[in-house]
Amino acid sequence: MSAGGRGGVRATLSGLTTRGRSFLAAGVAAAICAYVLGQDDLLRVGLLLAVLPLLCAAVLHRTRHRVTAERGLAPTRVPATGEARVRLRVDNVSRLPTGLLMLQDRVPYVLGPRPRFVLDRVEPGGHREVSYRVRSDLRGRYRLGPLQVRLSDPFGMCELTRSFSAHDTLTVLPRVEPLPPVRFGGEALGHGDGRQRSLALAGEDDLIPRGYRHGDDLRRVHWRSTARHGELMVRREEQPRRSRCTVLLDTRAVAYEGAGPGSAFEWAVSAAASVVSHLLERGFSVRLLTDFGVTVSGEGGSGHERAAAAALMMDTLAVIDHSDGTDLAGAYDVLRDGHDGLLVAFLGDLDGGQAASVARMRRRGGAVAFVLDPDDWTREPTAVPQPNAPLPQRLRVLREGGWTALGVPPGAALEELWRQADRERPGPAALSGKVRG
């Protein structure tokens, strides 16, 4: 017998329940007594007691490989505090009915208690379906599985467990708060009134047609080019330059304190997700930037492009974690590439040098900073704020550098801060870097 076969027999015998072990021990004892006393009837009883649990174990060992299971997860991406439904299906592909089944799916503790289900016998070729819900208040990517099925024979002599290797992944996205439209840097929309346009043609001879796209105005169809190319062509009359925005998220571990859904860092991540979603909806070209210089870009153009960009950035924010950095040099180096446009920053604790470095990041399209002071977020509600707190000084340095800088108190609503930043933004002269004497 091979090592695998010996291991399978050993595993099967180890699955004997207390009842099965008792029957086996009683049968062996009865057989020994029958042999000593010479009682044939007692020997038959002993053999029956000993063989019954072994026979149940053998049948169950073969049956467990003829039970299949699958899991379905819908949806696979949910916002924090949202719910997803997990469906489990068990099929009996053998010619024998199963005994009692117990399903147990492995889920992370943040998604709730481990689900367990008890199913009665499943007829040959039959199936059973059960479902449960999972939810999490904390963003992240969580693995569901593997599923374990515990089988039991009708007599309760043996129990065996089969584990399935398949698993699913649930992505919990940061909470997104709807924001009102504002005009930071004079831009209300990523396209439309606030965008710059350049003509692509001066007349019919200078026309550069392009292929027709779903949603194009049929009045722009250029029939001469359509006949020449053999496909529908439209006039490319205008080349809009899409408004751009960079959302800077400070992820330094030294800049935040506390953990959990109500911590300062989670507020910053949720706020960054809200701004990214809001600007993409308004047609902006958005770039997500972290303190160590990692960027994720997306276009807020058509519905498909906007959805793909939002999904990419939300997935990035769902798993983003603290960095080991001590400054914002990586972000400063990226912003030196001349990428103009609006800059929205969510910052943790800043010292004097870091505040001065952030002040030099201001863009010509406007700059808005939301600063979270860890002392405010970790202080007891009844504690009195310190009179010499550094936050007002850091905000003053940013404002002198041309930023619209606001402090974020614990549990603040981003919508109110967003409106306040719009009211307090500098005028056009300050945004363009020109100050009249």
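Here the structure is a predicted model, which means the values were calculated and not measured. Every chain's residues receive numbers from 1 upward, in the order its sequence appears when written. Local features in this predicted model are restricted to residues whose pLDDT is 70 or higher, and side-chain atom pairs enter the listing and the counts only when it is 80 or higher, whereas totals over whole chains, interfaces and linings include all residues. The basis for every side-chain value is the complete set of heavy atoms in the structure, and neither hydrogens nor water enter the calculation.

## Structural notes on the nonpolar core
Throughout this description, the term nonpolar core refers to a set of buried Ala, Val, Leu, Ile, Met, Phe, Trp, Tyr and Cys residues connected via side-chain atoms within 4.5 Å. Burial classes: relative accessible area under 20% of the type maximum marks a residue as buried, over 50% as exposed, and values in between as partly exposed (1.4 Å probe, protein chains only). Counting 45 residues, the largest nonpolar core has Val247, Trp267, Val275, Phe346 and Phe370 as its most contacted members. Counting from the N terminus, the helices are DSSP H or I runs at least four residues long and the strands are E runs at least two residues long. Taken together, the elements giving at least two residues each to this core come down to strand 15 (244–249), helix 5 (264–281), strand 16 (285–290), helix 6 (303–319), strand 18 (342–347), strand 19 (367–371) and helix 11 (414–424). The criterion used for residue contact is that any of the two residues' heavy atoms lie within 4.5 Å. Not counting residues up to four positions away in its chain, the partners in contact with Phe346 are Val247, Leu248, Leu249, Asp250, Tyr256, Trp267, Ala268, Ala271, Ala272, Val275, Phe370 and Leu414. In terms of nonpolar packing, the next biggest core, distinct from the first, is built from 31 residues, Leu119, Tyr132, Cys158 and Val172 among them.

## Digging into a negative patch on the surface
Taken together, the side chains of Glu257, Asp349, Asp351 and Asp375 define an acidic patch exposed on the protein surface. For Asp375, the position within the fold is in helix 9 (residues 374–378). Two joining distances apply to patches: 9 Å for like charges and 5 Å for nonpolar side chains (Val, Leu, Ile, Met, Phe, Trp, Tyr), and every residue must have over 30% relative accessible area and no salt bridge. All accessibility values rest on the Shrake-Rupley procedure with a 1.4 Å probe; residue burial counts only the protein chains present in the view. Salt bridges are counted wherever a side-chain nitrogen of Lys or Arg sits within 4 Å of a carboxyl oxygen of Asp or Glu. Charge counting follows a simple rule: Lys and Arg are positive, Asp and Glu are negative, and His as well as the terminal groups are ignored. Working definition for charges: the position is that of NZ of Lys, CZ of Arg, CG of Asp or CD of Glu.

## Side note on the packing of aromatic side chains
We call Phe, Tyr and Trp rings a pair once their centres come within 6.5 Å, taking the six-membered ring for Trp, and we label the pair stacked below 30 degrees between planes, edge-to-face above 60, and tilted otherwise. Under the defined criterion, the tally for this structure stands at six aromatic pairs. Ring plane angle 65 degrees and centroid distance 5.2 Å describe the contact between Tyr256 and Phe265, whose orientation is recorded as edge-to-face. In this structure, Tyr256 and Phe265 share a single accessibility class: buried. Judged by centre distance (5.2 Å) and plane angle (15 degrees), the rings of Phe346 and Phe370 are stacked. Taken together, the positions of Phe346 in strand 18 and Phe370 in strand 19 put the pair 24 residues apart, joining distant regions of the chain. Relative accessible area serves as the criterion here: at 0%, Phe346 is assigned to the buried category. A connected cluster of aromatic rings, assembled from ring pairs, spans Trp267, Phe346, Phe370, Trp377 and Trp418.

## Let's talk about the UniProt feature "transmembrane region" (unreviewed entry) in the protein chain
UniProt positions are given in the numbering used here, feature names are shortened, and annotations may be inferred rather than shown by experiment. Under the UniProt annotation, the feature "transmembrane region" (unreviewed entry) is placed at residues 20–37 and 43–61. Strand forms 0% of residues 20–37 and helix 100%; the C-alpha atoms that close the span are 25 Å apart. Note that residues 43–61 is 100% helix and 0% strand, and that its end C-alpha atoms are spaced 27 Å apart.

## What to know about helix 11
For helix 11, the set of buried residues is Leu414, Leu417, Trp418 and Ala421. Projected down its long axis, helix 11 shows its buried positions confined to an angular sector of 105 degrees, all on one face. On its buried face, helix 11 is in contact with helix 5, strand 18, strand 19 and strand 20 (404–407). Working note: the arc is built from the helix axis to C-beta atom directions.

## Observations concerning a nonpolar patch on the surface
Together, Val28, Ile32, Tyr35, Val36, Leu37, Leu42 and Val45 make up a nonpolar patch on the protein surface, roughly 730 Å² of accessible area in all. Sorting elements by how many residues they give to the nonpolar patch places helix 2 (residues 18–37) first, with five residues. Following the sequence through the fold, Val45 ends up in helix 3 (residues 40–63). According to the relative accessible area criterion, Val45 is partly exposed, its value standing at 43%.

## Quick look at the pattern of salt bridges
Enumeration over the complete set of coordinates arrives at 15 salt bridges. With a shortest N-O distance of 3.0 Å, Arg89 and Asp91 are connected by a salt bridge. Using a relative accessible area of 22% as the deciding quantity, one classes Arg89 as partly exposed. Ionic pairing is found between Asp137 and Arg135, a salt bridge with its closest N-O pair at 3.3 Å.

## Things to note about the state of the cysteines
Note on disulfides: each one is a pair of cysteine sulfur atoms within 2.5 Å. Counted according to the given criterion, the structure contains zero disulfides. Cysteine Cys56 remains unbridged, with the sulfur of Cys158 as its closest cysteine sulfur at 8.0 Å.

## Section: the pairing of strand 5 (residues 116–119)
A regular strand places its side chains so that they alternate between the two faces of the sheet. A one-sided burial pattern is seen for strand 5, the buried positions being Phe117 and Leu119 and the unburied ones Arg116 and Val118. Paired strands, as defined in this entry, are two strands with at least two bridges between them according to DSSP. Examined bridge by bridge, strand 4 (residues 100–105) and strand 5 share four bridges and lie antiparallel to one another. Of the residues in strand 5, the one forming a bridge with Met102 is Val118.

## Focus: the packing of helix 8 (residues 352–359) against helix 10 (residues 391–400)
At their nearest, the axes of helix 8 and helix 10 sit 8 Å apart, and the two run at 25 degrees to each other. With respect to helix 10, the element helix 8 is oriented roughly parallel. In this structure, the crossing between helix 8 and helix 10 has a hand that is right-handed. Between helix 8 and helix 10, the contacting residues are Gly352, Ala355, Ala356, Val358 and Ala359 on the first element and Arg394, Val397 and Leu398 on the second. Put simply, Ala, Val, Leu, Ile, Met, Phe, Trp, Tyr, Cys and Pro go in the nonpolar bin, Asp, Glu, Lys and Arg in the charged bin, and everything else, Gly too, in the polar bin. Residue composition of the contact of helix 8 with helix 10, grouped by class: six nonpolar, one polar and one charged. Here, axes are lines fitted to C-alpha atoms. For helices the fit covers the stretch in contact, and angles between N-to-C directions go from 0 to 180 degrees. Note on angle classes: values under 35 degrees are labelled roughly parallel, values over 145 roughly antiparallel, values of 65 to 115 roughly perpendicular, and the remainder oblique. The handedness criterion is simple: a crossing whose near helix is rotated anticlockwise from the far helix by less than a right angle is left-handed, and one whose near helix is rotated clockwise is right-handed.

## Focus on the confidence of the model for the protein chain
Interpreting fine coordinate detail is not advised for predicted regions of low pLDDT. Each residue carries a pLDDT score, the predictor's confidence in it, ranging from 0 to 100. Across the protein chain, pLDDT averages 83, with 82% of residues at or above 70. The element-level mean pLDDT for the protein chain is lowest in strand 11 (residues 196–199), coming to 38, with strand 10 (residues 168–173) highest at 96. Segment residues 192–206: pLDDT under 50, and 25 contacts once partners within four positions in sequence are set aside and those in other chains are kept. Segment residues 428–437 is flagged for pLDDT under 50; beyond a separation of four residues in sequence, or across chains, it makes ten contacts in the model.

## Re the sheet that holds strand 8 (residues 147–152)
Adjacent strands of a sheet pair through backbone hydrogen bonds, lying either parallel or antiparallel. Reading across the sheet, the four strands line up as 5-4-8-9 and stay open at both edges, with antiparallel pairing between neighbours. The open sheet terminates on both sides in strands that have one partner only, identified here as strand 5 and strand 9 (159–163). The mean inter-strand angle of the sheet, taken between neighbouring strand axes irrespective of direction, is 20 degrees. With five bridges joining them, strand 8 and strand 9 adopt antiparallel strand pairing. Paired with Gln148 across the strands is Ser163, a residue of strand 9.

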